[in-house]
Amino acid sequence: MTHDFRDGKGPVPAHKHTNKDGSTGGIVADSARISDNAWISDNARISGNARISDNAWISGNAQISGDAQRSG
């Protein structure tokens, strides 16, 4: 799957995140890293070299990109 995150890079390889509870999360660029314990809402978009670690919750229509790092 590819997705255009509208960051000027065009469509890039991406996938839907599967949350720990089995629910389907948002779209994540294959270049981003998401912890198995992180929860990503189904409307969120994670791109670039972003890192989501620990038990972080990304909710709503959040868009995390570039070299951003979130943990919790």
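In the block above lies the structure referred to throughout.
Fair warning: this is a prediction, and the values are worked out from it, not measured in the lab.

Chemist: Can you walk me through the environment of G60 in this structure?
Modeler: Tracing the sequence through the fold places G60 in the loop between β8 (57–58) and β9 (63–64). Separated by 34 residues in the primary sequence, G60 and G26 place their C-alpha atoms 9.8 Å from one another. Excluding anything up to four places from it in sequence, G60 contacts S41, N43 and A44.

Chemist: Is there a simple way to explain the side chain of N19 in this structure?
Modeler: Along the polypeptide, N19 turns up in the loop between β2 (11–18) and β3 (24–29). Sequence-distant contacts of N19, that is, excluding residues within four places in its chain, are made with T24, G25, A38, W39 and I40.

Chemist: Explanation requested: the environment of N55 in the structure shown.
Modeler: Along the chain, N55 turns up in the loop between β7 (51–53) and β8. The spacing of N55 and K9 is 46 residues in sequence and 29 Å in space, taken between C-alpha atoms. Once you skip the residues sitting within four places of it in the chain, N55 turns out to touch N37 and G72.

Thresholds applied
Residues numbered from 1 in each chain as written. Predicted model: local features only at pLDDT ≥ 70, side-chain atom pairs only at ≥ 80, totals over all residues. Heavy atoms only, no water. Helix = DSSP H or I, 4+ residues; strand = E, 2+ residues; numbered from the N terminus. Contact = heavy atoms within 4.5 Å.

Everything listed here is a matter of geometry and, on its own, says nothing about what the molecule does.
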